[in-house]
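One-letter residues, chain by chain:
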Amino acid sequence: DVKVTQSSRYLVKRTGEKVFLECVQDMDHENMFWYRQDPGLGLRLIYFSYDVKMKEKGDIPEGYSVSREKKERFSLILESASTNQTSMYLCASSLGRGRTLIGELFFGEGSRLTVL
Amino acid sequence: SQKIEQNSEALNIQEGKTATLTCNYTNYSPAYLQWYRQDPGRGPVFLLLIRENEKEKRKERLKVTFDTTLKQSLFHITASQPADSATYLCALLYSGGGADGLTFGKGTHLIIQP
């Protein structure tokens, strides 16, 4: 079974802190994604990556950056956390060919971040 | 702009009946549509994929239809059980879209009552 593992299920941070959310997948997938999910707004794409060191902005990249140094790992970074970044963050992976998505997304269990 | 709509109100169904969820879209030329299940506090789990040239897909008690004329997909759960209670998300990939072209609906919360 494909497994997407997110490093932390729950985090509480203070405004201005730097936050790292780590995601690792074990199925050699080319594509990896970071979404945030908020009540009434659904899933919104922050960033995605279709290859090592390749990254592209999604719908809401402001205030976030990402890093993909190895194929299996995709990190989301909040350089200076703000209260409006309190949310559920979901990592996902999928097969891909270049920027093309092949098949379904496999999601991690999510990281619930609270910024005080 | 692309838009996907799911019924935002919770859907209450009696156990044993068929639950039918709706996903409508606008301004897309779709490549395929996916359905996911999400339990509270968990990540979504993929259920079914249907391509734009397919009318219907089945998997056990699940059935998905895709009508590109109506711009609508229906998701059916037959012989529903309380364990089917969850939020169900549809996601559409438009033709020519890259990996960022998968757009999710906001989900419909399904409650199966014993």
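All residue numbers refer to positions counted from 1 along the written sequence of the respective chain. Labels follow written order: the first chain is A, the first ligand is 1, and so on. The predicted origin of the model limits local features to residues at a pLDDT of at least 70 and limits the giving and counting of side-chain atom pairs to 80 or more, whereas totals for whole chains, interfaces and linings rest on all residues. Working from all heavy atoms in the structure, the side-chain values ignore hydrogens and water.

A. Representation of the overall build of chain A. What counts as a helix is a DSSP run of H or I of at least four residues, what counts as a strand is a run of E of at least two, and both are numbered from the N terminus. Scanning chain A for helices and strands turns up zero helices and eleven strands. Put simply, chain A runs from its N terminus to its C terminus through helices and strands in the order β-β-β-β-β-β-β-β-β-β-β. We compute the radius of gyration over the C-alpha atoms and compare it with the globule rule, which gives 2.2 Å times the number of residues raised to the power 0.38. Taking 116 residues into account, the globule formula puts the C-alpha radius of gyration at 13 Å, and chain A, at 13 Å, falls close to it. With the C-alpha coordinates aligned to their principal axes, the bounding extent of chain A is approximately 40 × 25 × 25 Å.

B. Representation of the side chain of Ser75(A). Residue and element names in this part refer to chain A. On the secondary structure map, Ser75 appears in strand β8 (residues 73-78). Polar contacts here mean pairs of N or O atoms no more than 3.5 Å apart (in protein, one a potential hydrogen donor and the other a potential acceptor; neighbouring residues in sequence count only if both atoms are side-chain atoms). Within the local environment of Ser75, its side chain forms a polar contact with the side chain of Glu22, the two groups lying 2.9 Å apart. Any two residues whose heavy atoms approach within 4.5 Å are treated as being in contact. Not counting chain neighbours up to four residues away, the residues in contact with Ser75 comprise Leu21, Glu22, Trp34, Ser65, Val66 and Ser67.

C. Main features of the interface of chain A and chain B. Listed per partner, the contact involves 22 residues of chain A and 18 residues of chain B. Once two parts are joined, some of their accessible surface, as seen by a 1.4 Å probe, is lost; buried area is that loss totalled over both. Each partner contributes to the roughly 1600 Å² buried at the junction of chain A and chain B, and carbon and sulfur atoms together form 55% of this total. We define a salt bridge as a contact between a side-chain nitrogen of Lys or Arg and a carboxyl oxygen of Asp or Glu at a distance within 4 Å. Across the contact surface, chain A and chain B share one salt bridge. With a shortest N-O distance of 2.6 Å, Glu109(A) and Arg42(B) are connected by a salt bridge. Linking chain A with chain B are seven residue pairs in polar contact (both at pLDDT 80 or more), by the criterion used here.

D. Inspection of the sheet that holds strand β6 (residues 56-59) of chain B at higher detail. Residue and element names in this part refer to chain B. Judged by pairing direction, the sheet is antiparallel, and its five strands sit side by side in the order β1-β3-β8-β7-β6 without closing on themselves. Strand pairing shows two members of the sheet lacking a second neighbour, β1 (3-6) and β6, which therefore form its edges. Pairwise comparison of adjacent strand axes, ignoring direction, gives a mean angle of 15° for this sheet. Two strands are said to pair when DSSP picks up at least two bridges between them. Lines are fitted to the C-alpha atoms to define the axes, a helix being fitted only along its stretch in contact, and any angle between axes, read from their N-to-C directions, falls within 0 to 180 degrees.

E. Local environment of the sheet that holds strand β3 (residues 19-25) of chain A. Residues and elements named next belong to chain A. Pairing is antiparallel across the open sheet formed by four strands, whose spatial order is β1-β3-β8-β7. The sheet terminates laterally at β1 (4-6) and β7 (65-70), the two strands that pair on one side only. Here the average twist between neighbouring strands, direction ignored, is 20°. Here β7 runs beside β8; their pairing, made up of four bridges, is antiparallel. The partner of Ser65 across the bridge, within β8, is Ile77.

F. Unusual backbone geometry, seen in detail. The phi dihedral of Asp28(A) falls on the positive side, at around 60°, and the residue is not glycine. Position of Asp28(A) among the secondary structure elements: in the loop between β3 and β4 (31-38).

G. Representation of the environment of Val24(A) in the model. Residue and element names in this part refer to chain A. Relative to the helices and strands, Val24 is located in strand β3. By relative accessible area, Val24 is classed as partly exposed at 27%. Residue contacts for Val24: discarding those within four places in its chain leaves Lys3, Val4, Thr5, Glu72 and Arg73. Only protein chains enter the calculation, and the probe is 1.4 Å; a residue is then buried if its accessible area is under 20% of its type maximum, exposed if over 50%, and partly exposed in between.

Purely geometric stuff here, so don't read any function into it on its own.
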